[in-house]
Amino acid sequence: HNVLGDFMALDLNTLRWMNLSNIFYKTRSHKKLQKLNNGVPRVYHSSCLVIKSEHYQKGNKLNIYKSLDKLDEEINLGIMDKEHFEIDYEGIYIFGGLDENLIETNTFFILHCFRNPLIFFEPKMKGTPPSPRYMASMNFNEILNFITIYGGKDSKQIFGDLFILDIMNFHWLQVELFGTRIER
């Protein structure tokens, strides 16, 4: 089995695939950005796009490499000073899946888009995350600024649980479900 770790994007206007090779990785232990050469191999992971609505409601084209005015500002992992209700890291949020050894994971990454270079990082999380799994449903609620993770499976079971990730402070919450259990 080959589990790939490269990032590809399909330009829907030209129907051409692009290899996103200008990606840098930042770990919690290293302050400097490092070039992401081989990606992070994953298969059957969950992902969703987290952006502010003005990027697509006004008919604007999304540009993955959109330059920001303050490129010199580094991402400060784990510190979220919120003065108003706003998304800090727009981009593609990625959860779980199987790694290169086909082992279930519950890691959470963000491909921070709309800047050049793209930054791929693992934010500091609070709370108890979902157990390692793959093939879960993942959705972004723009009004409440949270992501839901529902279901999925591991090598022993199919999950019917629901988790919410508050992306304002990266805090996991498990939702207690009542009634008939519907497994995905």
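Note: the structure precedes this text.
Residues numbered from 1 in each chain as written. Predicted model: local features only at pLDDT ≥ 70, side-chain atom pairs only at ≥ 80, totals over all residues. Heavy atoms only, no water.

Colleague: For unusual backbone geometry, give the residues involved together with the corresponding values.
Modeller: Even without being glycine, asparagine 145 reaches a positive phi, approximately 55 degrees. A residue is classified by how much of its surface remains accessible, and asparagine 145, at 4% relative accessible area, is buried. Residue phenylalanine 170 is not a glycine yet carries a positive backbone phi of 50 degrees. Within the secondary structure, phenylalanine 170 sits in the loop between strand 11 (162-166) and strand 12 (171-175). (Buried < 20%, exposed > 50% of the residue type's maximum accessible area, 1.4 Å probe, protein only. Helix = DSSP H or I, 4+ residues; strand = E, 2+ residues; numbered from the N terminus.)

Colleague: Tell me about the pairing of strand 6 (residues 91-98), and name the residues and values.
Modeller: For strand 6, the tally of buried residues reaches 7 of 8 residues, placing the bulk of the element in the interior. Relative to strand 6, strand 5 (residues 46-50) is paired through 5 bridges, and the arrangement is antiparallel. Bridged to serine 47 within strand 6 is isoleucine 94. Looking at chain direction, strand 6 and strand 7 (residues 104-112) are connected through 7 bridges and run antiparallel. Paired with leucine 98 across the strands is glutamate 104, a residue of strand 7. Counting the residues in the hairpin turn of strand 6 and strand 7 gives 5 residues, including leucine 102, whose phi is positive at 60 degrees. (Pairing = 2+ DSSP bridges.)

Colleague: Outline the environment of tryptophan 172, listing residues and values.
Modeller: Within the secondary structure layout, tryptophan 172 lies in strand 12. For the pair tryptophan 172 and phenylalanine 146, spaced 26 residues apart in sequence, the C-alpha to C-alpha distance is 9.7 Å. Those residues within four positions of tryptophan 172 in sequence are excluded, and the remaining contacts are Phe95, Phe108, Met125, Lys126, Gly127, Thr128, Pro129, Pro130, Ile149, Phe163, Ile164 and Leu165. (Contact = heavy atoms within 4.5 Å.)

Colleague: Explain the sheet that holds strand 10 (residues 146-150) to me, using residue names and the numbers behind them.
Modeller: Taken in spatial order, the 4 strands make up an open sheet running 9-10-11-12, and their pairing is antiparallel. A strand with exactly one partner marks an edge of an open sheet, and here the two such strands are strand 9 (137-141) and strand 12. Neighbouring strand axes in the sheet, compared pairwise and without regard to direction, differ in orientation by 20 degrees on average. Direction of pairing for strand 9 relative to strand 10: antiparallel, over a ladder of 5 bridges. Paired with asparagine 139 across the bridge in strand 10 is threonine 148. (Axes fitted to C-alpha atoms, helices over the stretch in contact; angles between N-to-C directions.)

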